[in-house]
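Architecture and fold: a report
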Amino acid sequence: MPWRGSFVFAADESPRGEAPKSIRGFSVTPQQRKRCTTLGFVGLAALGFGTFLVCALQENMMYFVTPTELLDHPTGKNLRLGGMVETGSVTRDSNTLTLSFQVTDFKISQKVSYQGITPDLFREGQGVVAEGSRHGDIFIATKILAKHDENYMPPTIEKKMRG
Amino acid sequence: MSLIQQLLKPAELMDRLNRWIPRLTMLSLILLATGLWFAIFASPPDYLQGETVRIMYIHVPASWGALVTYFGMAVVSVYAFVKQAPMAHLLTKAMAPIGALLCLISLLTGAIWGKPTWGTWWVWDARLTSMFVLFLLYLGYLLTVYQLKPETQALKSAAFIAIIGSLNLPIIKWSVTWWNTLHQPASIMRLDKPAIHLDMLIPLGIMTIALIALCLMLFCLNLKLLINQQRLRSTLMRISHGTN
């Protein structure tokens, strides 16, 4: 068959007939070694560039700010606030139907106010990401997303854990 | 000849593929049936998410698969570039559509999972964005090898998409650790013990192995197809040169 052998490993034999250097059955000819080095340099350069890019764009990569970080931003700026919904802090005003709760990063607590429907998974003791802006002491949210943690367990086990 | 060269000798490779395809098909069917039965019926709902959690049994194996396949493509492409081995390029080309499909499944099942849990189909947080970039990389690779002519040059160029693009893989993995994301951190692939209960971890494991078997079978099928296409092309070339 014309495509056997020569098709598969055309350049494994060096034109000058040099024997490839061998380490436990895996051998490289000098040209192959040169390609290895080139690849290594290109890879290193790409890694360096990638690292620089990632470091430079750190702030943009963050999907939300914590309550502590929120205070570093000016009021009125539209951004996303993320943290844990404090237990016992969720109330809904019966007249205006405005939802009020506290978001905490376990350092400080931020009051959030929201008009609208929340996702099913929004509840006390679970994570939340609120999009909106801070006005004075209150963060006025225009959108609420529920953030859940990485724990998965059956309801019976969770009940046992809660005691 | 080294072990790799032995494995990639075309005639023997075809024999090996022909033997493994029916075995892998049977294996995948059995594992998928078992896994899906566990996933849908014989596993508990989640204390928080309820029945919605069952999408995990497809989303997680598909996501892992997309990452592992791209890594495989990168490793084989390095070998192909250093050794100048056309057959290795063909292996990479055979893996690509499967990885792309797994990535697409991950994105779509993730969106379907996100809507009832997070409250949105999509956000541009670090995890979701980097998975989307992975999908674009797959598309870039596929477009290069299927559209650019001549094919030998296309395969060589596409190999760099596989190699350089693999830098996205650690970004995907650690995106939930390095940055604030909506997507939760890792439940299993971490130094701590798994954050997922055994009653859910076992079905997840079965579905993962099932998907591996299925993808290996598809890979063998695709590789067979590509090798046959090469044979056909070189035969046609010989014939056309013969008549000139």
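Everything in this summary refers to the structure shown in the same document.

What counts and how
Residues numbered from 1 in each chain as written. Chains lettered and ligands numbered in written order. Predicted model: local features only at pLDDT ≥ 70, side-chain atom pairs only at ≥ 80, totals over all residues. Heavy atoms only, no water. Patch = residues over 30% accessible without salt bridge, like charges linked within 9 Å, V, L, I, M, F, W, Y side chains within 5 Å. Areas by Shrake-Rupley, 256 points an atom, 1.4 Å probe, with all protein chains shown as cover. Salt bridge = Lys/Arg side-chain N within 4 Å of Asp/Glu carboxyl O. Helix = DSSP H or I, 4+ residues; strand = E, 2+ residues; numbered from the N terminus. Contact = heavy atoms within 4.5 Å. Buried area = accessible area lost by both parts, 1.4 Å probe. Polar contact = N/O pair within 3.5 Å; in protein donor to acceptor, adjacent residues only side chain to side chain. Nonpolar A, V, L, I, M, F, W, Y, C, P; charged D, E, K, R; others polar. Phe/Tyr/Trp six-rings, centres within 6.5 Å; stacked < 30°, edge-to-face > 60°. Buried < 20%, exposed > 50% of the residue type's maximum accessible area, 1.4 Å probe, protein only. Lys NZ or Arg CZ within 6 Å of the ring centre and 35° of its normal.

**Some thoughts on a nonpolar patch on the surface**
Residue and element names in this part refer to chain B. There is a patch of nonpolar side chains on the surface, built from Leu-36, Trp-37, Ile-40, Phe-41, Ile-58, Leu-101, Leu-104, Ile-105 and Leu-108 and spanning about 850 Å² of accessible area. Within the residue set of the nonpolar patch, elements represented by two or more residues are α2 (10–40) and α4 (86–117). Top contributing element to the nonpolar patch by residue count: α4, with four residues. In this structure, Ile-105 sits in helix α4.

**Observations regarding the interface of chain B and chain A**
Between chain B and chain A, the contact holds 58 residues from the first and 44 residues from the second. Counting the surface chain B buries against chain A, the share from its top three residues, Tyr-47, Trp-179 and Asn-180 of chain B, is 16%. Across the salt bridge formed by Glu-150 of chain A and Arg-190 of chain B, the nearest N and O atoms sit 3.4 Å from each other. At the junction of chain B with chain A, the criterion picks out 16 residue pairs in polar contact (both at pLDDT 80 or more). Grouping the constituent residues of the side of chain B that touches chain A by class yields 36 nonpolar, 15 polar and seven charged.

**So, the packing of aromatic side chains**
Tallied over the entire structure, the rule returns ten aromatic pairs over all chains. Considering the side-chain rings of Trp-122 of chain B and Trp-124 of chain B, the 5.4 Å spacing of their centres and the 80° angle between planes classify their relative orientation as edge-to-face. Take Trp-122 of chain B: its relative accessible area is 27%, and that puts it in the partly exposed class. Look at Trp-124 of chain B and you get exposed, because its relative accessible area is 53%. An aromatic cluster of at least three residues, connected via ring pairs, comprises Trp-122, Trp-124 and Phe-132 of chain B. Here the guanidinium or amino end of Arg-80 of chain A rests over the ring plane of Tyr-63 of chain A, the centre of that ring lying 3.8 Å away.

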